[in-house]
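Results of the structural survey
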Amino acid sequence: MYLEIVSPEATLFSSEIDSVTLPGLNGEFQILKDHASIVSLLKEGTIKINTHTQNLVLDTLHSEIVPRKDDQKILTLKINSGTIEMKDNKVIVLVD
């Protein structure tokens, strides 16, 4: 599954991932490969990116995304709000 996280200023993340957990308006939810198409609003919280089978190298493009202390294969990004669209194994997250 491919994840792209975009802010008004720049693309914050763009890579293949295993899953992503997002702070939805009605609670946290997770998206896995082959998830049904979805469009949803996001509230303030943390996006958790699971990269267990991927070898990612974070560079200056990914400066706001940090590995979780207890699991280096889970990356986190704090957001104020946003919108997510999942379609055909591509997740696009627009964040504020």
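Above this text is the structure in question.
Attention in this report is confined to the structure presented alongside it.

1. Digging into unusual backbone geometry
Of note in this structure, D88 is not a glycine but carries a positive phi near 55°. Relative to the helices and strands, D88 resides in the loop between β9 (82-87) and β10 (90-95). Note on D88: relative accessible area 69%, which makes it exposed. In this structure, N89 takes a positive phi of about 60° despite not being glycine. With respect to the secondary-structure elements, N89 resides in the loop between β9 and β10. Taking relative accessible area as the criterion, N89 reaches 21% and is therefore assigned partly exposed.

2. Some thoughts on the nonpolar core
The biggest cluster of nonpolar side chains holds 22 residues, and the ones touching the most others in it are L3, I5, L22, I31, I47, I49 and V93. Of all the elements in the fold, those that place two or more residues in this core are β1 (2-6), β2 (11-16), β3 (19-24), β4 (27-32), β6 (45-50), β8 (71-79), β9 and β10. Contacts of I5, omitting those with residues within four sequence positions, involve T11, L12, F13, I47, I49, L77, V93 and V95.

3. Focus on the side chain of S19
Relative to the helices and strands, S19 is located in strand β3. S19 gets classed as buried once you look at its relative accessible area, which sits at 4%. Engagement of the side chain of S19 in a polar contact is seen with the side chain of Q30, the distance being 3.3 Å. S19 has contacts with M1, Q30, I31, L32, K48, I49 and N50, leaving out every residue within four places of it along the chain.

4. Observations regarding the environment of D96
Looking at the element boundaries, D96 is found in the segment after β10. Leaving out residues up to four positions away in the same chain, D96 has contacts with N80 and S81. A polar contact is formed between the side chain of D96 and the side chain of S81, at a distance of 2.5 Å.

5. Some points on the pattern of salt bridges
Tallied over the full model, the rule gives two salt bridges. Across the pair K90 and E4 runs a salt bridge whose closest N-O atoms are separated by 3.7 Å. You can see K90 sitting in strand β10 and its partner E4 sitting in strand β1, a full 86 residues away along the chain. Taking relative accessible area as the criterion, K90 reaches 34% and is therefore assigned partly exposed. Residues K48 and E28 are paired through a salt bridge, measuring 2.9 Å at the closest nitrogen-oxygen approach. Of this pair, K48 sits in strand β6 while E28 sits in strand β4, and the two are 20 residues apart along the sequence.

About the criteria used
- Residues numbered from 1 in each chain as written.
- Predicted model: local features only at pLDDT ≥ 70, side-chain atom pairs only at ≥ 80, totals over all residues.
- Heavy atoms only, no water.
- Helix = DSSP H or I, 4+ residues; strand = E, 2+ residues; numbered from the N terminus.
- Buried < 20%, exposed > 50% of the residue type's maximum accessible area, 1.4 Å probe, protein only.
- Core = buried A, V, L, I, M, F, W, Y, C linked by side-chain atoms within 4.5 Å.
- Contact = heavy atoms within 4.5 Å.
- Polar contact = N/O pair within 3.5 Å; in protein donor to acceptor, adjacent residues only side chain to side chain.
- Salt bridge = Lys/Arg side-chain N within 4 Å of Asp/Glu carboxyl O.

Treat this as a map of the structure, not an account of what it does.
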